[in-house]
Amino acid sequence: MKAIAAGEVVHIGEGERVVDALVTSICVVATCNLTGASKPGSAPKWKTAHADQLKGSKSVVIWEDHDDAGRAHAQAIAKSMVDVGVVDIRTVHFTGTPEKYDLVDWIAAHPGGDIQTLIEAAKPWTQDSGVGVIVDPARPVEAVSWPRPPDPAAFHGLAGKCVQMLDPHTE
């Protein structure tokens, strides 16, 4: 909970092995629900109670396994993050890989690979697209701007004028 209060990005893996890989490889805050994703067509194992524990998070990165269960699990997590007010949700997908491929497999295939590049390349998840970064091992990952520019609502009213004055002078 200290990490959420400090504004750190929370990473959510499909299972414990992905969380362990994130924590040991790049020392980030990471979590998952017990026993990973549900079988396709079953109710999600990710529950509202899991999302409630992450309430107050500003940013999350969801690490999706490359299979139907992984995609459904990532969607359930992302939708629940919206419900608890998370505004920056990113998903890392793995394509062109064997079924069930995940971050641990990527690390094994890319010794010394830069996981941070995958995070920086992750595009925002939206209710309509469900899209994040798509990782294809056959091509390099392109980095995108992080953090995103301010939301247009930040430019409303007197406070918005202050944001407009400061925005060109900040990262």
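Predicted model, so just to flag it, every value in this text is computed and none were measured.

Asks: Looking at this structure, how should I read the environment of A3?
Replies: By the element assignment, A3 lies in helix α1 (residues 2-5). By relative accessible area, which is 15% here, A3 ends up buried. In this structure, the C-alpha to C-alpha distance between A3 and V29, residues 26 residues apart in sequence, is 7.2 Å. Aside from chain neighbours lying at most four places away, what touches A3 is E8 and V29.

Asks: I would appreciate a short explanation of the side chain of S59 in the present structure.
Replies: Within the element layout of this structure, S59 appears in strand β3 (residues 59-63). Relative accessible area serves as the criterion here: at 13%, S59 is assigned to the buried category. Within polar-contact distance, the side chain of S59 engages the side chain of D88 at 3.2 Å. Excluding anything up to four places from it in sequence, S59 contacts E8, V9, V10, V86 and D88.

Asks: For this particular structure, what's the right way to read helix α4 (residues 68-83)?
Replies: At 3.6 residues per turn, the α-helix brings residues three or four places apart onto the same side. Over its 16 residues, α4 extends 23 Å from the first C-alpha to the last, a length consistent with the 22 Å expected when each residue adds 1.5 Å. Those residues of α4 lying buried are A69, G70, H73, A74, A76, I77, A78, S80 and M81. Its buried side turned inward, α4 meets β1 (10-13), α3 (48-53), β3 and β4 (88-94).

Calculation criteria
- Residues numbered from 1 in each chain as written.
- Predicted model: local features only at pLDDT ≥ 70, side-chain atom pairs only at ≥ 80, totals over all residues.
- Heavy atoms only, no water.
- Helix = DSSP H or I, 4+ residues; strand = E, 2+ residues; numbered from the N terminus.
- Buried < 20%, exposed > 50% of the residue type's maximum accessible area, 1.4 Å probe, protein only.
- Contact = heavy atoms within 4.5 Å.
- Polar contact = N/O pair within 3.5 Å; in protein donor to acceptor, adjacent residues only side chain to side chain.
- Expected span 1.5 Å × (residues − 1).

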